[in-house]
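# Results of the structural survey
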Amino acid sequence: MRLRVLGSGNGVPSATRGCPGFLVRGAGEVLLLDPGPGTLVAAARAGVTAGEVTGVLLSHLHIDHHLDLAALLFALRSPRFHGRPPLRVLGPRGLLRTYALWREAYGHWVEPEGYELDIAEADAGPARLGGLHLTAHEVPHGRRPALAWRIREREGGPVLAFSGDTGEGPGIVEAGRDADLFVLECTLPPGEPTVKHLTAEAAGRVAAASGCRRLLLVHFSPAVEGTPVEPAVRAASRPP
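Since we're looking at a predicted model, the values are computed, not measured.

## Points about the pattern of salt bridges
Per the stated rule, a full pass over the model turns up 8 salt bridges. In this structure, the salt-bridge partner of Glu225 is Arg17, at a minimum N-O distance of 2.3 Å. Linking Glu225 in the loop between strand S12 (215-218) and helix H6 (229-237) with Arg17 in the loop between strand S1 (2-7) and strand S2 (21-26), this pair joins segments that are 208 residues apart in sequence. Owing to a relative accessible area of 23%, Arg17 belongs among the partly exposed residues under this scheme. Between Arg234 and Glu230 there is a salt bridge whose closest N-O contact spans 3.0 Å. In this pair, Arg234 and Glu230 both sit in helix H6, 4 residues apart, roughly one turn of the helix.

Laid out in structure tokens, this is it:
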């Protein structure tokens, strides 16, 4: 299983960081994880076209984490993609209503033509997306449902854990439990409350509690740029 970061910023893109977006390859799948605005362009620059994407996995339904799903559905209307494999989309509760509103607003331009589209909602617990084995964990991020994901190619195989947006809490620790790679958000500058997002110090605490083997921080806001992120993470993750 391989991960490529397509966007490591948050909802305020900058010249150096785009909105969230990740590409995962494994178990025969080409997966877009939280495809925010600009993800499809970044994927194309990485050599992956819209027609190659077999799945989309969402953590929550904020614009910076899912808007390029609509762009993907629009792109797949092209006749060049007719006859392609099914596209599977999995996300939190509210996804089906969001898609229904897109259909109301955009009509057939977001409906499948020449291929099969499977959109489903997930609660906490095990799930599948094509050949990938998943486990969803509820995490705190305001009033709307938010999930962190554990992704494996096979049962008992290496684990990629992904936080989406999250505050501190037991759900995000369990999502990253003993993960081989934990992709964890780091949105806030030092001193901010970590109810909906994490500071570097909070990310260090979560990583230490999870026992993950490797940590990759993403979802940096402009306020975090230039702050001592790595030293803060290491200091917070040291045993007392």
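Okay, back to it.
## Here we look at helix H5 (residues 200-210)
Where H5 is concerned, the buried positions are Ala200, Ala202, Ala203, Gly204, Val206, Ala207 and Ser210. Check the buried side of H5 and you find it contacts helix H4 (170-175), strand S11 (181-185), S12 and H6. Within two residues after H5, Gly211 carries a phi angle of roughly 75°, on the positive side.

## Some thoughts on the packing of aromatic side chains
This model, assessed by the stated rule, comprises 2 aromatic pairs. When the ring of Phe22 is compared with that of Phe162, the centres are 5.1 Å apart and the planes differ by 65°; the resulting orientation is edge-to-face. Residue Phe22 is found in strand S2, and its partner Phe162 is found in strand S10 (residues 160-162); the two are separated by 140 residues along the sequence. Summarising the burial analysis for this pair, Phe22 and Phe162 share the class buried. Their ring planes at 70° and their centres at 5.8 Å tell us that Phe74 and Trp109 sit as a pair that is edge-to-face. Linking Phe74 in helix H2 (residues 63-75) with Trp109 in the loop between helix H3 (95-106) and strand S6 (117-121), this pair joins segments that are 35 residues apart in sequence. Here Trp109 falls in the partly exposed class, since its relative accessible area comes to 42%. Positioned above the aromatic ring of Tyr115 is the side chain of Arg84, whose terminal nitrogen or guanidinium carbon lies 5.6 Å from the ring centre.

## Details of the side chain of Arg84
Residue position: Arg84 is located in the loop between H2 and strand S5 (87-91). Buried and unpaired, Arg84 has no salt bridge, with Glu29 as the nearest side chain of opposite charge at 7.8 Å. Polar side-chain contacts of Arg84 include one of 2.5 Å to the backbone oxygen of Val53. Discounting residues that sit within four places of it in the chain, Arg84 has contacts with Ala50, Gly51, Glu52, Val53, Thr54, Leu76, Gly114 and Tyr115.

Definitions and cut-offs
Residues numbered from 1 in each chain as written. Predicted model: local features only at pLDDT ≥ 70, side-chain atom pairs only at ≥ 80, totals over all residues. Heavy atoms only, no water. Salt bridge = Lys/Arg side-chain N within 4 Å of Asp/Glu carboxyl O. Helix = DSSP H or I, 4+ residues; strand = E, 2+ residues; numbered from the N terminus. Buried < 20%, exposed > 50% of the residue type's maximum accessible area, 1.4 Å probe, protein only. Contact = heavy atoms within 4.5 Å. Phe/Tyr/Trp six-rings, centres within 6.5 Å; stacked < 30°, edge-to-face > 60°. Lys NZ or Arg CZ within 6 Å of the ring centre and 35° of its normal. Lys, Arg positive; Asp, Glu negative; His and termini not counted. Polar contact = N/O pair within 3.5 Å; in protein donor to acceptor, adjacent residues only side chain to side chain.

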